[in-house]
Amino acid sequence: MFAHNKRLQYTVRVSEPNPALANLMLEQFGGPQGELAAAMRYFTQAVSEDDPGRKDMLFDIATEELSHLEVIGHIVAMLNKGAKGRLAEAVDSEADMYKAITGAGNDSHITQVLYGAGTPLTNSAGVPWTAAYIDSITEPTADLRSNIAAEARAKIVYERLIALTDDPGVKEALGFLMTREVAHQKSFEKALYAIEPNFPPGKMPADPRFASVYYNMSQGPGEMRGPWNQGADWDFVTDREKQQAVDGGSGEAEVALPGGDIDILKQMAMRTMSDPMSSPRTGAELGMSMQSAGGGTMAGQSGSAMGSAELGSKGGQLDDTGMSKPQDKGTAKGTKAMKK
């Protein structure tokens, strides 16, 4: 069960309202590296965890992340206080209001107006929070590594937010949240290395034929060698021939089919076969020839059937190839006589 304490884990002191900064803070409220995503990630892992030690740790950290969500939410709310009242009571002119909520030149007006200067579960661009941010796979050696990376990403976002404000109270609270990301990384790393063996993740061993091979697939200027691809731990393969069909097979895709399926596939292949010797006239070519052949125009003017194709300079109708069909002299004279 959860029991809520109304005192924050860390005191929030905001010097003055700043709607634009509040909007950026939403990245850690409802964004992919934010506190809600972290809390849900660790909570769902804890529920399904069988190891009692890891289960306890995950519940502890998940609950703390909810406390961090509360802290960042209050920072957003305090930074929005002025805009919230002014929006609700419409005390400013339209121009002054727009200028106030877009003071930093960002898209803060999206969240300020649509959500009444509240604390919506969106990122700083107004994108709603989604469970797609949670990438747990219920394998501790994989999930713990993912958790370490998630805490690292969150720390970087906090660093960038700290660099964006000169409000000492906001900086102090963000510094606390950033530091707790470091503490959680340490816990997750200790838990990971307490599992022996923990690499590679999962149960099945890697195929030794390929586990220590480095394929130099991108070749050209800028190639580098380092501990990631050289030394006694690596077989560095740069020969293009040795990068193909590395299993010793043909390098082609094969499937064993029942005889009936083979006959059906042959029937389909015959029906859909292209003729490499053909030179078909396409609709695009017909359209181009109708525009260019003999200075032609499309009929539709007064005195001609709508949609019929004629050549203004030749007087002949276009056939299905887009080329003019010359009229015989008798027909041409008869046509002129009818027009008169």
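These numbers come from a predicted model, not from an experiment.

Definitions and cut-offs
Residues numbered from 1 in each chain as written. Predicted model: local features only at pLDDT ≥ 70, side-chain atom pairs only at ≥ 80, totals over all residues. Heavy atoms only, no water. Helix = DSSP H or I, 4+ residues; strand = E, 2+ residues; numbered from the N terminus. Buried < 20%, exposed > 50% of the residue type's maximum accessible area, 1.4 Å probe, protein only. Contact = heavy atoms within 4.5 Å. Areas by Shrake-Rupley, 256 points an atom, 1.4 Å probe, with all protein chains shown as cover. Core = buried A, V, L, I, M, F, W, Y, C linked by side-chain atoms within 4.5 Å. Salt bridge = Lys/Arg side-chain N within 4 Å of Asp/Glu carboxyl O. Patch = residues over 30% accessible without salt bridge, like charges linked within 9 Å, V, L, I, M, F, W, Y side chains within 5 Å. Phe/Tyr/Trp six-rings, centres within 6.5 Å; stacked < 30°, edge-to-face > 60°. Lys NZ or Arg CZ within 6 Å of the ring centre and 35° of its normal.

(A) Region of the structure containing the overall build of the protein. A count of helical and extended segments in the protein gives 11 helices and four strands. In the protein, which comprises 340 residues, the share counted as buried stands at 30%. Partitioning the contacts of the protein with sequence separation of at least 6, the portion at a separation of at least 24 is 65%. Per element, the accessible surface of the protein, about 22,000 Å² overall, is 57% carbon and sulfur.

(B) Molecular detail of the nonpolar core. Counting residues in each nonpolar core, the largest one holds 23 residues, and the members touching the most others are Met25, Ile72, Ile75, Leu79, Tyr158, Leu174 and Leu177. Secondary structure elements with two or more residues in this core: α1 (19-25), α4 (52-89), α7 (140-162) and α8 (168-193). With residues up to four places along the chain from it excluded, the contact list for Leu174 reads Met25, Ile72, Ile75, Tyr158, Leu161 and Ile162. Tyr42, Ala62, Phe188 and Ala191 belong to the second largest nonpolar core, which has 14 residues in total.

(C) How the structure looks around unusual backbone geometry. Pro197 follows Glu196 through a cis peptide bond whose omega is -5°. Of note, Pro197 is situated in the loop between α8 and β1 (213-215). The omega angle of the peptide bond from Phe199 to Pro200 is -5°, so this bond is cis rather than trans. Positive phi, close to 60°, is recorded for Thr138, a residue that is not glycine. Counting through the fold element by element, Thr138 comes out in the loop between α6 (108-114) and α7. A relative accessible area of 57% places Thr138 in the exposed class. For Ala245, which is not glycine, the phi dihedral falls at a positive 45°. Inspection of the secondary structure assignment puts Ala245 in the loop between β2 (235-237) and α9 (259-271). Overall, the relative accessible area of 31% leaves Ala245 in the partly exposed class.

(D) Fine view of the pattern of salt bridges. Throughout the structure, instances matching the rule amount to six salt bridges. Arg41 serves as the salt-bridge partner of Asp135, at 2.5 Å between the closest nitrogen and oxygen. Taken together, the residues Asp135 in the loop between α6 and α7 and Arg41 in helix α3 (residues 35-48) connect sequence positions 94 residues apart. Residue classification places Asp135 among the partly exposed residues on the basis of a relative accessible area of 43%. In this structure Arg41 comes out as buried when scored by relative accessible area, which is 3%. Two residues, Glu159 and Lys155, come together in a salt bridge whose shortest N-O distance is 2.3 Å. Residue Glu159 and its partner Lys155 are both found in helix α7; the two are separated by four residues, about one turn of the helix.

(E) Representation of a nonpolar patch on the surface in the model. Together, Val255, Leu257, Ile262, Leu265 and Met268 give the surface a local cluster of nonpolar side chains, amounting to about 420 Å² of exposed area. Its place among the elements puts Leu265 in helix α9. You can call Leu265 partly exposed: its relative accessible area is 41%.

(F) Representation of the packing of aromatic side chains in the model. Within the structure shown, the criterion is met by seven aromatic pairs. Considering the side-chain rings of Tyr10 and Phe176, the 4.7 Å spacing of their centres and the 20° angle between planes classify their relative orientation as stacked. Here Tyr10, found in the segment before α1, pairs with Phe176, found in helix α8; they are 166 residues apart in sequence, far enough to count as distant. Tyr10 gets classed as partly exposed once you look at its relative accessible area, which sits at 21%. Ring centres 6.2 Å apart and planes at 85° place the aromatic pair Tyr214 and Trp234 in the edge-to-face group. Pair noted here: Tyr214 is in strand β1 and Trp234 is in the loop between β1 and β2, with a separation of 20 residues, a long-range link. Taking the relative accessible area as the measure of exposure, Trp234 reaches 30% and is therefore partly exposed. Among the aromatic residues, those joined into a ring-pair cluster are Phe2, Phe43 and Phe59. Over the ring of Phe236 we find Arg225; its NZ or CZ atom is 3.6 Å from the centre of that ring.

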